[in-house]
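# A look at the structure
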Amino acid sequence: MPRPDHTRALHAALLTAARGLPVIPLSRTKLPAVRSPHRDEPRSAAMCRGQCGRPGHGVHDATTDPARVRALFAVAPWATGYGVACGRGPHHLIGLDLDVKNGADGIGALRALADAHGFTLPSTVTVLTPSGGRHLWLSAPGPVPNSAGRLAPGIDIRGEGGYVVGPGSRTVAGHYLLAPGTADSPLAAAPDALLRLAAPPPSPHERQPRHAAGPRHPAEKRAAALVRFVLDSHEGERNGRLFWAACRAYDAGLGDVLAPALVTAAVHTGLTEREAAATVASAGRLRAAPQR
C-alpha cells in the first residue's frame, strides 16, 4: 500500500506536470528516486540519456505525460518528492534558489541585485524550503546555465540540465511548500537584466581573441571569438553558451550575419541544427524586445 508521503508527492507532481513542466520522482535525499539501469554495466553505458527505453536516467526521465509520471512513481515507491526539470521548452524554467543559511542571505542579495541593475522581481510561483529559503520559478526565452553563488552568495540558478524540488515534496530536511497566494500564479518571465546577469562569463577567447594571419577588423575578431566560445562548449553548457554568444552578437549588431556560423558551431558540439537554430532565434527575440 503506498505511503501517504508518496501519494501526496505523486498528486503534486501530476498537478505540476499539468502546467507543462516535466517532473521526476525524488527520494528523501532530493536525488532522483529511480535507480539507474546501468549501475552494474560498463562505464560507457553511463552516457545513456534514456535511449535504452528504461527509466532511471535522472532529469532525462522528466515528463509531463501523466501516465509516464505514474509509471515512474510506481517503480520508486520510496519516492517522497519530485523534481521539476529546468531549461526545457517551451517554458525554459529557471529556478532561483535563495538560501538563508550558513551566513548567506540569498533573498536580500537578490533584492540588492534588482536595485543595482534596475529590474523588478515579478510575482511568480514561489516555493518555501525547509531551511527558510525560497525558490522562485521564472520562464526564459531560451536555456540558461546552472550556477552556484556566481550572482551573489546565497543565490544558485537551476537551469538547463538541473531541477528544483517541487512543492508538496518531503525530504530529510522537511517539507517544500507553496508560498501563500502563489498556488495559482502564472510562471512569470525573467527580467532581461536578470537573464544577462545569469549568462556565463566570457571565455579567455572572448577576452583575448585569437589572431589569424595579421590584424583583423574588430567586428571580425569579435565574431571569431563568439564562434570559438560556442565551439569550446562541453555537455551541460552548450545551449547556455550558444544563447549567451547569440545575445552578444545581436548586441553588437552582428546577430543576423553571425547566426548561421553560431548554429554550425553548435552542431559541431553535439546539438541538433533545430535546437541550435531555436536557441539563436530566442536570443534574437530577447534582444529585439523592449528593455524591462
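Below: a short report on this structure. (Residues numbered from 1 in each chain as written. Predicted model: local features only at pLDDT ≥ 70, side-chain atom pairs only at ≥ 80, totals over all residues. Heavy atoms only, no water.)

### Some remarks on the environment of Ala67
Relative to the helices and strands, Ala67 is located in helix H2 (residues 66-74). A sequence separation of 53 residues divides Ala67 from Leu14, and the C-alpha atoms of the two residues are 9.5 Å apart. (Helix = DSSP H or I, 4+ residues; strand = E, 2+ residues; numbered from the N terminus.)

### Observations regarding the side chain of Thr63
Mapped onto the elements of the fold, Thr63 is located in the loop between strand E1 (23-26) and H2. If near-sequence neighbours (up to four positions away) are discounted, Thr63 is found in contact with Ala17, Leu21, Pro22, Val23, Arg68, Val69 and Leu72. (Contact = heavy atoms within 4.5 Å.)

### A word on the nonpolar core
The biggest cluster of nonpolar side chains holds 47 residues, and the ones touching the most others in it are Ile94, Leu96, Ile155, Leu242 and Leu262. The element that contributes the greatest number of residues to this core is helix H7 (residues 238-251), accounting for seven residues. Those residues in contact with Leu242, other than ones at most four positions away along the chain, are Val230, Leu262, Ala266, Leu271, Ala276, Thr279 and Val280. Listed in part, the 30 residues of the second largest apolar core include Ala13, Val59, Val84 and Val164. (Core = buried A, V, L, I, M, F, W, Y, C linked by side-chain atoms within 4.5 Å. Buried < 20%, exposed > 50% of the residue type's maximum accessible area, 1.4 Å probe, protein only.)

### As for the pairing of strand E3 (residues 94-98)
Counting buried positions along E3 yields five of five residues, so the element is predominantly enclosed. Neither face of E3 is exposed, since Ile94, Leu96 and Leu98 on one face and Gly95 and Asp97 on the opposite face are all buried. By the bridge criterion, five bridges tie E3 to strand E5 (residues 134-139) in an arrangement that is antiparallel. If you follow Asp97 over to E5, its bridge partner there is His135. Pairing analysis gives four bridges linking E3 to strand E7 (residues 155-158), with the strands arranged antiparallel. By the bridge assignment for E7, Asp97 is matched with Asp156. (Pairing = 2+ DSSP bridges.)

### As for the sheet that holds strand E2 (residues 81-85)
The sheet built from three strands is open, its strands ordered E1-E2-E8 with antiparallel pairing. Only two strands of the sheet have a single neighbouring strand rather than two, namely E1 and strand E8 (163-165). Between one strand axis and the next, the sheet turns through 35° on average, direction left out of account. Pairing geometry for E1 and E2, over four bridges, is antiparallel. Looking at E2, one finds that Leu26 is bridged to Gly81. Sitting on the sheet, helix H1 (residues 4-17) touches E1 and E2, and the angle it makes with E2 is about 20°. The strands that H2 touches are E1 and E2; relative to E1, the one it contacts most, it runs at about 15°. (Axes fitted to C-alpha atoms, helices over the stretch in contact; angles between N-to-C directions.)

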